[in-house]
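Residue-level listing of the chains:
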Amino acid sequence: MDQTYRILLVEDELYDAELNIREVKKILPNSLFERVDSKNAFIIMIETYFPDIIISDYNMPSFDGLSALKIAREICPETPFIVVTGSINEDTAVECMKAGATDYVLKDSLKRLGSSVLNALEQSKIRKERIDAIETIKLNEAKYRHMFHNNPQPMWIYDVKTLAFLEVNKAAVKHYGFSQDEFLSMRLIDILPQSEADRLMKNIESTDYLEDKAEEWTHKKKTGELVSVEIVSYFIIFNQRNARHVLINDITEKKEAEERMINGRKLLRTLIDNLPVTIYVKDAECRKIIANRADLNVLGAETEAEVLGKTDLEIFSNDIGTRGYADDKKIIETGIPVLNQEEYFYDSNGIQHWLLTSKIPLTDENGKITGLVGIGHSITEQRKMQAELIEAKEKAEESDRLKSAFLANMSHEIRTPLNSIIGFSELLDDPDFDAEQKTEFIKHIVDNGNSLLMIISDIMDFSMLEAGQLKLRQQSISVKKIMNELLTEFGHKAEVRGIQLRFDDSQNDPDILITSDSYRIKQVFNNLIGNALKFTSEGFVEIGYKVKDEKIEFHVKDSGIGISPKFHQAIFERFRQVDTTKSRKYGGNGLGLAISKNLVQLLGGKIWLESEPDEYSDFFFTIPISNL
Ligand code: ADP
């Protein structure tokens, strides 16, 4: 054994002391030795030398082993004490052991001293360790009690069987308002409202009491006030009883704050959803994170989920998405808001919407831009009204222009035949002209009179059509007959103009009887053939018909000046003419096609045309075979 022990010898005989030292050194060669042979020296050495072991002779002239033993037990009760004696009777041995000696060794078997010392030291060591362990436990227990009682977090221990509180800390006493004694006379159930007490009983039945738990409960303070708590509890053995240690965290304020926040959010949501303006919020990546009802309406979305997490690029597939996304990015990068910007987009039904939008950057507490909020109100109606107003204004201007042109035309169209009539009538009185010449004059007067009559009947017809006063006469008519009459009536006029008037017999349709108003059908033809002849300087004018879907489709084609496609609709409006200049080449009042269109509609059909400028014009109109 290398360890050094301090050994105190109580021995008056130097020789004996040497023998003792020799025996001990055999086993503990590094040991240190001191020797005393009086009481005083012994006490001083105990208090200053702190021996690890005392080896004492039993009989000494001035001091004795038993006294030394008693002193040692008083001053250093834990230090092993071995009695070495020449002879010992049983009584002495018992007395020594009773007085607390660790062992005794007879001088004639001194060889045993080494092992006795070693044994005593080992036992002493074990004893010391046990004492240390007990000390540690005591210390830990004290620490734990301190930590438990002075912990700012309320906590208690309760008996899992009886539910009685076994220990409660100061924080719990303060928080719940019960005194320590009150608590210790109560059971866990006494601080629960009825519903929670029922829950606790069920819990106890259904769960294993050894489990660790983290739960939310409602507790009742002494004042009756209810508090929400989060508890963590775990099983312990406390004073030999099965118990739970419970740590309590009052979350009443936290819960109330959460509730206030949720209510606040709900209120805000209700507000923004019911405002008639579109409101949305986007994150720093320009993705929608809030979209109110009005916004969903203009986007044509049913639910917010359809647009959340999407940028304008994904919401609008076309260039509108690119534009919106670029705007959003710019605001987030620069922090500069966009105010009152007019924007348009198309919804899922392809309808155009207009919005007056403001987009404002959103920042966090450090001023970092986290997204943007957009507010917009629809100006679609306003825009529509504006467009309608512009259209109405343009129409009014157009109508005004047409009316002026019409009046100028009319004045010309009426004055020309009237002047002729008056001029030639005056000449009838003039004796310088012979009878043959006057016959010619009369013919002029009659022709111009007829022109005038046609103009006046156009105006009359148009007025009656507009007023819904025109009545139709239904009779059975042969289509071929109408064709023949028209060819006869216009044959001469065409011939005079060097134009071939012909019937298109390519369809080979047999004669058909229709029930309609032949007078009005012919009136339409008169207008169309009249125009065809008027606007054709060479070539042909062709009339024809074919049967199609219970209807008869007439057409009047010419090889004249043709009509540009942009006028194909307009020329059917009253007063509309392709050429409205003062220097226009062809006469006319702009009523013929308008009358024709109204008449065809009245007869139950449709009118349209096909034409190639400088090539041909082909006017078509349909009439039901029978109107009855
Ligand atoms: P108008 O009295 O001017 O002929 P209409 O209503 O009959 O009035 O015709 C309107 C306009 O349509 C004409 O002024 C002319 O510009 C154009 N138009 C009608 N028929 C023809 C045609 N066969 N060829 C070329 N232009 C035509």
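Computed from a predicted structure; not experimentally measured. (Residues numbered from 1 in each chain as written. Predicted model: local features only at pLDDT ≥ 70, side-chain atom pairs only at ≥ 80, totals over all residues. Heavy atoms only, no water.)

Enquirer: Please provide a residue-by-residue account of the overall build of the chain, values included.
Expert: For the chain, the count of helices and strands is 17 helices and 22 strands. The C-alpha radius of gyration computed for the chain amounts to 63 Å, which surpasses the reference 25 Å derived for 628 residues by more than 25%, pointing to a less compact arrangement than a globule. Along the first, second and third principal axes, the C-alpha atoms of the chain reach 205 × 55 × 50 Å. Relative to all contacts within the chain whose residues are 6 or more apart in sequence, the contacts with residues 24 or more apart total 56%. (Helix = DSSP H or I, 4+ residues; strand = E, 2+ residues; numbered from the N terminus. Rg over C-alpha atoms; globule rule 2.2 N^0.38 Å. Contact = heavy atoms within 4.5 Å.)

Enquirer: How would you sum up the pairing of strand β14 (residues 352-363)? Please name residues and give values.
Expert: Note that strand β13 (residues 338-346) and β14 share seven bridges and pair antiparallel. Each residue of the ladder has a partner; that of Y344, found in β14, is W354. Counting the residues that bridge the hairpin from β13 to β14 gives five residues, and of these G350 lies at a positive phi of roughly 80 degrees. Of the strand pairs in this sheet, β14 and strand β15 (residues 369-378) are connected by nine bridges, and their pairing is antiparallel. Directly across from L355, in β15, lies its bridge partner S378. (Pairing = 2+ DSSP bridges.)

Enquirer: Residues and numbers for the sheet that holds strand β4 (residues 81-85), please.
Expert: Pairing is parallel in the open sheet, where five strands are placed in the order β2-β1-β3-β4-β5. At either end of the open sheet lies a strand with only one pairing partner, and these are β2 (32-36) and β5 (103-106). For this sheet the average axis-to-axis angle between neighbouring strands, irrespective of direction, equals 20 degrees. Of the strand pairs in this sheet, strand β1 (residues 6-10) and strand β3 (residues 53-57) are connected by four bridges, and their pairing is parallel. Across the sheet, the residue bridging to L9 is I55, located in β3. (Axes fitted to C-alpha atoms, helices over the stretch in contact; angles between N-to-C directions.)

Enquirer: Give a description of a nonpolar patch on the surface that names residues and reports values.
Expert: Taken together, the side chains of L267, L268 and L271 make up a nonpolar region of the molecular surface, amounting to roughly 320 Å² of accessible area. With respect to the helices and strands, the residue L271 is situated in helix α9 (residues 252-274). (Patch = residues over 30% accessible without salt bridge, like charges linked within 9 Å, V, L, I, M, F, W, Y side chains within 5 Å. Areas by Shrake-Rupley, 256 points an atom, 1.4 Å probe, with all protein chains shown as cover. Salt bridge = Lys/Arg side-chain N within 4 Å of Asp/Glu carboxyl O.)

Enquirer: Account for the domain arrangement of the chain, naming residues and giving values.
Expert: For the chain, the assigned domains are domain 1 (6-131), domain 2 (151-255), domain 3 (275-378), domain 4 (384-443) and domain 5 (471-624). Each of domain 3 and domain 5 has a C-alpha centre, and the two are 57 Å apart. (Domains from an automatic or database assignment.)

Enquirer: Summarise the site of the ligand; cite the residues concerned and give the values.
Expert: Taken together, 20 residues lie around the ligand, and N531, D558, Q577, N589 and L593 are the ones closest in. K534 has a polar side-chain atom sitting 3.1 Å from an oxygen atom of the ligand. One nitrogen or oxygen atom from the main chain of V578 is found 3.0 Å from an oxygen atom belonging to the ligand. Surface burial for the ligand is 96%, taken as the share of its 530 Å² of free accessible area covered by protein chains. Elements that contribute at least two residues to the shell around the ligand include exactly α16 (518-534), α17 (592-602) and β22 (616-624). With three residues, α16 is the single largest residue contributor to the shell around the ligand. Tallied by class, residues from the shell around the ligand come to nine nonpolar, eight polar and three charged. (Near = heavy atom within 4 Å. Polar contact = N/O pair within 3.5 Å; in protein donor to acceptor, adjacent residues only side chain to side chain. Nonpolar A, V, L, I, M, F, W, Y, C, P; charged D, E, K, R; others polar.)

Enquirer: Talk me through helix α2 (residues 39-49); I want residue IDs and the actual numbers.
Expert: Turning to α2, its buried residues are F42, M45, I46 and Y49. The buried residues of α2 all sit within an arc of 105 degrees when viewed along its axis, so they share a single face. Pointing more than 90 degrees away from the buried face of α2 are the exposed residues N40, I44 and T48. Once α2 ends, the next one or two residues include F50, with phi positive near 50 degrees. (Buried < 20%, exposed > 50% of the residue type's maximum accessible area, 1.4 Å probe, protein only. Arc of directions from axis to C-beta.)

Enquirer: Just give me the short version of the pattern of salt bridges, but keep the residues and values in it.
Expert: The full count for this structure, using the stated rule, is 32 salt bridges. In this structure, the salt-bridge partner of K282 is D328, at a minimum N-O distance of 2.6 Å. Of this pair, K282 sits in strand β11 (residues 278-283) while D328 is found in helix α12 (residues 319-334), placing the two residues 46 residues apart along the sequence. We classify K282 as buried; its relative accessible area is 2%. Using a relative accessible area of 0% as the deciding quantity, one classes D328 as buried. Through salt bridges with shared partners, a single ionic network connects K282, D312, D328, E343 and K359.

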